[in-house]
Amino acid sequence: MEHYSMNLNLKVWRQQNAAAKGGFKLYRVENISSEMSFLEMFDVLNEQLVHAGEDPITFDHDCREGICGACSMHINGKPHGPWYANTTCQLHMRAFKDGDTIVVEPWRANAFPVIKDLMVDRSAFDRIIQAGGYVSVNTGNAVDGNAIPIPKNNADEAFAAAMCIGCGACVAACKNSSAMLFVGAKVSHLALLPQGDPERGSRVVNMLAQMDKEGFGACTNTGACEAACPKEISLSNIARLNKEYLAASFVDNK
Amino acid sequence: MTWKQVFTSSVGKKLVMGFTGIFLILFLIIHVGLNACIWAGDNGVMFTQAAHFMGGNWVPRVLEIGLFAGLLLHIIQGYMLSFSNQSKRSQGYAVDFGNRGSKWYSRSMGLLGTIILLFLVVHISDFWLPNRVSQGFLLGPEINLFDKMRVEFSELWVVILYVLGCLSLGYHLAHGFQSAFRTIGVHNKKYNTLLSTIGYAFAIIVPLAFAMMPVSFYLGWV
């Protein structure tokens, strides 16, 4: 596609801090290149704001190559913007036309409180991982990779689940603010592998208990999370979590 | 983990919804099957025998208690989950993801369920309640339900109400059928495709058959 420049109207959520009442503010950016990423367009806007002596817009970003899960904008009603299986940093301005008005909001969920502007606190995800999203091992000598046979299909499915970057788009997209796609992916990728097998029961129980404690909702299988996920995590991972939970709760002898 | 912990967790609550949902789906098969006897062309003889088997026999009558228990559990848990889920996002979006991410009826299970509940109140007071009152809630003489249907469904507004109730049931099942199986842990992609196909077929065929019953009486087909 040929390069073009555009002028845009931005309607951006501004909120001084978690306790403050936020609101939308209108901005205009001009001469934006279609080859810029969405975050670069925000960099341009922030430079404008700094030059004008205003407070720049706070937003999360890190790797800017779609693998860290830091960026988190809700753009025109969809987490990470209009493109499919895409992060905000990989969203390019060619997705928009000259004169467009773009509405940018933070992730909305009580479990993800706004820190400032478009930045939300996603440490709830860290605490869910701490509750069981790992394999306990006594590190001895490195074992030969081929010593533990793993069926190819399991390895592929485990890898597909492990693609989750923990960005929180699933929570942002879900009408219930449920974190089940995230937890489902983390439970699945370990449950599918022999290394994760010994702790599979306690893992799913503890991670789910933490998810509930953090204030995320329950899953109603609408599929909005899957549609918004930048890493195409399958909804089947949630069903696998349910199966793991059912098995753990019936087998557990406490 | 105690049973209390299991059934108060978000997945445990959903398991209750899934299992009771599948139980109610099974009941619908029996209900639609027995009611289809109205089309036997014998002026309600076969239907009356089927109705007598369900109402004048202790076994189905005891199972009926289980049906109401399952129904109540599904309704109460459904409302509690809906309200709890709604409370997880105090500040909504200015622009919503809406139909781009999910089907409207999958997001409206609470609303569809409420319409079905209101329909059920009317439906139960039309048929089940007068029959049980006549029986003294034991095994007393039953009323003729075929004649009762003919009287009830001679009113156009009643027919429209029943068709709307069946339409809500159809959309509720279109999501509920496959969602119930996902909730109880069916994750195999092969079965998911199968279940969604059966789910859509069930959601069309069963409510359509139910809706055709008042329509058939109104149009004089039976």
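These numbers were taken from a predicted model, which means no experiment stands behind them. (Residues numbered from 1 in each chain as written. Chains lettered and ligands numbered in written order. Predicted model: local features only at pLDDT ≥ 70, side-chain atom pairs only at ≥ 80, totals over all residues. Heavy atoms only, no water.)

Colleague: Please explain the packing of aromatic side chains as it appears in this structure.
Modeller: Across all of its chains, the model carries 25 aromatic pairs over all chains by this definition. Ring geometry for Phe-119 of chain B against Tyr-162 of chain B: centres 4.9 Å apart, planes inclined by 85°, an arrangement best described as edge-to-face. You can see Phe-119 of chain B sitting in helix 6 (residues 109-134) and its partner Tyr-162 of chain B sitting in helix 8 (residues 156-183), a full 43 residues away along the chain. Grouping residues by exposure puts Phe-119 of chain B and Tyr-162 of chain B together as buried. Note on Phe-153 of chain B and Tyr-162 of chain B: the rings are 5.0 Å apart at their centroids and 75° apart in plane angle, and the pair reads as edge-to-face. The exposure class assigned to Phe-153 of chain B is buried, which follows from its relative accessible area of 3%. Residue Tyr-162 of chain B is classed as buried on the basis of its relative accessible area, which comes to 4%. Taken together, the ring pairs connect Phe-47, Phe-119, Phe-127, Phe-146, Phe-153, Tyr-162 and Phe-217 of chain B into an aromatic cluster. Its end group placed over the ring of Trp-13 of chain A, Arg-108 of chain A keeps NZ or CZ at 4.1 Å from the ring centre. (Phe/Tyr/Trp six-rings, centres within 6.5 Å; stacked < 30°, edge-to-face > 60°. Helix = DSSP H or I, 4+ residues; strand = E, 2+ residues; numbered from the N terminus. Buried < 20%, exposed > 50% of the residue type's maximum accessible area, 1.4 Å probe, protein only. Lys NZ or Arg CZ within 6 Å of the ring centre and 35° of its normal.)

Colleague: What should I look at first to understand the pattern of salt bridges in this one?
Modeller: Any two side chains of opposite charge can pair if their charged atoms end up close together. Residues and elements named next belong to chain A. Within this structure, the stated rule accounts for 18 salt bridges over all chains. Here Glu-54 makes a salt bridge to Lys-25, at a shortest N to O gap of 3.8 Å. Taken together, the positions of Glu-54 in the loop between helix 1 (38-51) and strand 3 (74-75) and Lys-25 in strand 2 (residues 23-33) put the pair 29 residues apart, joining distant regions of the chain. For Glu-54, a relative accessible area of 35% corresponds to the partly exposed category. (Salt bridge = Lys/Arg side-chain N within 4 Å of Asp/Glu carboxyl O.)

Colleague: Please explain the sheet that holds strand 2 of chain A as it appears in this structure.
Modeller: Residue and element names in this part refer to chain A. Reading across from one edge, 2-1-5-3-4 is the order of the five strands in this open sheet, with mixed pairing throughout. Pairing within the sheet leaves two strands with one partner each, and these edge strands are strand 2 and strand 4 (78-79). Where strand 1 (residues 5-14) lies against strand 5 (residues 101-105), four bridges are found, and the strand directions are parallel. Paired with Leu-10 across the two strands is Ile-102, which belongs to strand 5. The strands touched by helix 1 within the sheet are strand 1, strand 2, strand 3 and strand 5, with strand 2 carrying the most contacts at an inclination of about 105°. (Pairing = 2+ DSSP bridges. Contact = heavy atoms within 4.5 Å. Axes fitted to C-alpha atoms, helices over the stretch in contact; angles between N-to-C directions.)

Colleague: Explain the interface of chain B and chain A here, please?
Modeller: Many structure descriptions define interface size as the accessible area lost when the parts assemble. Each partner contributes residues to the interface: chain B has 40 residues there, and chain A has 54 residues. In this assembly, chain B packs against chain A so that about 3700 Å² is buried in total across both faces, 56% of it on carbon and sulfur atoms. A per-residue breakdown of the area chain B buries against chain A is headed by Met-1, Tyr-93 and Phe-97 of chain B, which together make up 21% of the total. Where chain B meets chain A, there are zero salt bridges. On the surface where chain B and chain A come into contact, there are 26 residue pairs in polar contact (both at pLDDT 80 or more). Sorting the residues of the side of chain B that touches chain A by element identifies helix 1 (3-8), helix 2 (10-35), helix 4 (58-86), helix 5 (104-107), helix 8 and helix 9 (189-218) of chain B as the ones contributing at least two each. Of the residues forming the side of chain B that touches chain A, the biggest block, six residues, is contributed by helix 2 of chain B. (Buried area = accessible area lost by both parts, 1.4 Å probe. Polar contact = N/O pair within 3.5 Å; in protein donor to acceptor, adjacent residues only side chain to side chain.)

Colleague: Can you walk me through the domain arrangement of chain A in this structure?
Modeller: Residues and elements named next belong to chain A. Domain annotation of chain A identifies domain 1 (5-116) and domain 2 (123-251). On a C-alpha basis, the centroid separation for the pair domain 1 and domain 2 is 29 Å. Contacts between the two partners involve 18 residues from domain 1, matched on the other side by 20 residues from domain 2. Buried surface at the junction of domain 1 and domain 2, both sides included, amounts to about 1300 Å², of which 61% is carbon and sulfur. Scanning the region where domain 1 abuts domain 2 turns up zero salt bridges. Here domain 1 is connected to domain 2 by four residue pairs in polar contact (both at pLDDT 80 or more). Tallied by class, the residues present in the side of domain 1 that touches domain 2 amount to 10 nonpolar, six polar and two charged. (Domains from an automatic or database assignment. Nonpolar A, V, L, I, M, F, W, Y, C, P; charged D, E, K, R; others polar.)

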